[in-house]
Amino acid sequence: MPEGHTVHRLARQFNDVFGGSVLAVSSPQGKFAAGAARLDGQVMELAEAQGKQLFMFFSHELVMRVHLGLYGAWDFGGDSTFTGASSIGAPRRVGEQEEPGSSVRDGGGRGDYAGPPEPKGAVRVRLVSPHGWADLRGPTACEVLTLAEAAAVRAKLGPDPLLNRAGGREEFVRRISKSATPVALQLMKQDVLAGVGNVYRAEVLFRRGLDPQLPGTSLQRGEAGALWDEIALVMADGVLDGRIITTQLADRPSGIGADVGHAVAAAGMWEDRRGSEAAAGGAGPGAADPATAASEAAADPATAEAGGGAERKAPASNINRDVPAGEAHYVYKRNGLPCRHCGTVVAMAELGGRKLYWCPECQRR
């Protein structure tokens, strides 16, 4: 299913194209008819991701919660002011690198807009503004909640590195290190850490050199904190790129793309260019920690990549577009192939009902 970076991209896109707009909400399929009736004609005030769940806040204290699951996806369309991707959703439907649509940022439009097309397939929810539309198909969950009900759902989730709320890092360290359960299993538990799935799980453990079977109680606090920072680093890139790329540029034979951490580096540049304003707040140029910079990048990675409004020559989301799929990961789905660092054959085993990939030599801790 989509990992957290995909849902954060969705939240950003909804804020871009629907934020502050009165929406016509319907359920062409009929399964969400009652919920659509409650939201129809309301203003979408804010969309926010937490882990793999999307929360869309409407006027009159209503919240639409969406969990895409294995097959859910959103399709978008609209006029030349309607920016962003044309489809974002589950890898089994549209892939981790969603289909790009024309946008103002790309210097284009979508031609003459005559309103949304006729619904195709089982459209659970359709959202329509004066400038565009969005269709949701195949979600695991889609419901309307009160603010209190939404808060109760979110309270059950672990901290999200891309939100990086106060105390989130420390809470993750506390949760993962209090249990003897292997770290590889814990990283997939959304009440320990919100947003990580099978790809990020395998890749960050490799990047930190951690044995997937290492009990959480054996993690030093510094190791657990560094694991949080690593997750924030690579997931911020995922928000920016629209795909998961965890290999360093030096480990890609093609030499294509940007290095890991480019989203955080861009956010750091953005902080730096704010100069005296940032210094007045006590931050100082470039002072943001990885997770703080990641949350800046996730909030608006295109702005961060541009250095806070500086002119750029190409859309930020294209930086890693052409990285070959076979060069994107270190261990995920590379079982039977040599490790990119040591040459040892990458291993695979079942753990908690999911396939786990690791290098037996590089991941000894």
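In this text the structure is predicted, and so the values were computed from the model without any measurement. (Residues numbered from 1 in each chain as written. Predicted model: local features only at pLDDT ≥ 70, side-chain atom pairs only at ≥ 80, totals over all residues. Heavy atoms only, no water.)

K.L.:
I keep staring at the overall build of the chain and nothing clicks. Help me out?
P.N.:
Assigned secondary structure in the chain consists of eleven helices and 13 strands. Each of the 365 residues in the chain was classed as buried or not, and the buried ones make up 53%. For the chain, the proportion of contacts with a sequence separation of at least 24, taken over those separated by at least 6, is 65%. Only carbon and sulfur atoms are counted for the fraction: they give 51% of the accessible area of the chain, which is about 15000 Å². (Helix = DSSP H or I, 4+ residues; strand = E, 2+ residues; numbered from the N terminus. Buried < 20%, exposed > 50% of the residue type's maximum accessible area, 1.4 Å probe, protein only. Contact = heavy atoms within 4.5 Å. Areas by Shrake-Rupley, 256 points an atom, 1.4 Å probe, with all protein chains shown as cover.)

K.L.:
Would you explain helix H7 (residues 221–241) in this entry?
P.N.:
Along an α-helix, residues three or four apart share an orientation, since each turn contains 3.6 residues. The terminal C-alpha atoms of H7, which comprises 21 residues, lie 30 Å apart, in line with the 30 Å expected from a rise of 1.5 Å per residue. Of all 21 residues making up H7, 18 are buried, and the element is well covered by its neighbours. Backbone geometry just after H7 places Gly242 at a positive phi near 75°. (Expected span 1.5 Å × (residues − 1).)

K.L.:
I would appreciate a short explanation of the sheet that holds strand E11 (residues 141–146) in the present structure.
P.N.:
Each strand in a sheet pairs with its neighbour through backbone hydrogen bonds, running either in the same direction (parallel) or in the opposite one (antiparallel). In spatial order, the strands read E1-E3-E4-E5-E11; together these five strands make up an open sheet with antiparallel pairing. Looking at which strands have only one partner, the edges of the open sheet turn out to be strand E1 (21–22) and E11. Bridging between strand E3 (residues 43–50) and strand E4 (residues 53–58) involves six bridges; their strand directions are antiparallel. When the bridges of E4 are listed, Ala47 appears paired with Met56. Across the sheet, helix H1 (residues 4–18) is in contact with E1, E3 and E4; its angle to E3 comes to roughly 165°. (Pairing = 2+ DSSP bridges. Axes fitted to C-alpha atoms, helices over the stretch in contact; angles between N-to-C directions.)

K.L.:
Teacher, can you tell me more about a nonpolar patch on the surface here?
P.N.:
Together, Met1, Leu70 and Tyr71 give the surface a local cluster of nonpolar side chains, amounting to about 270 Å² of exposed area. Within the secondary structure, Leu70 is located in the loop between strand E5 (62–67) and strand E6 (73–78). Under the relative-accessibility criterion, Leu70 is labelled partly exposed at 33%. (Patch = residues over 30% accessible without salt bridge, like charges linked within 9 Å, V, L, I, M, F, W, Y side chains within 5 Å. Salt bridge = Lys/Arg side-chain N within 4 Å of Asp/Glu carboxyl O.)

K.L.:
I would appreciate a short explanation of the nonpolar core in the present structure.
P.N.:
Burial of nonpolar side chains together is a common tendency in soluble globular proteins. Among the nonpolar cores identified, the biggest contains 42 residues, and Phe172, Ile176, Leu187, Leu193, Leu227 and Ile231 are the most heavily contacted of them. At the level of elements, helix H4 (168–177), helix H5 (183–186), helix H6 (198–208), H7, helix H8 (262–273) and strand E13 (354–358) are the ones that each hand at least two residues to this core. With ten residues, the single largest contributor to this core is H7. The contact partners of Ile231, leaving out residues within four places of it in the chain, are Pro161, Leu187, Leu193, Val196 and Val204. Ranked by size, the runner-up nonpolar core spans 32 residues in total, among them Phe32, Leu39, Ala47 and Leu68. (Core = buried A, V, L, I, M, F, W, Y, C linked by side-chain atoms within 4.5 Å.)

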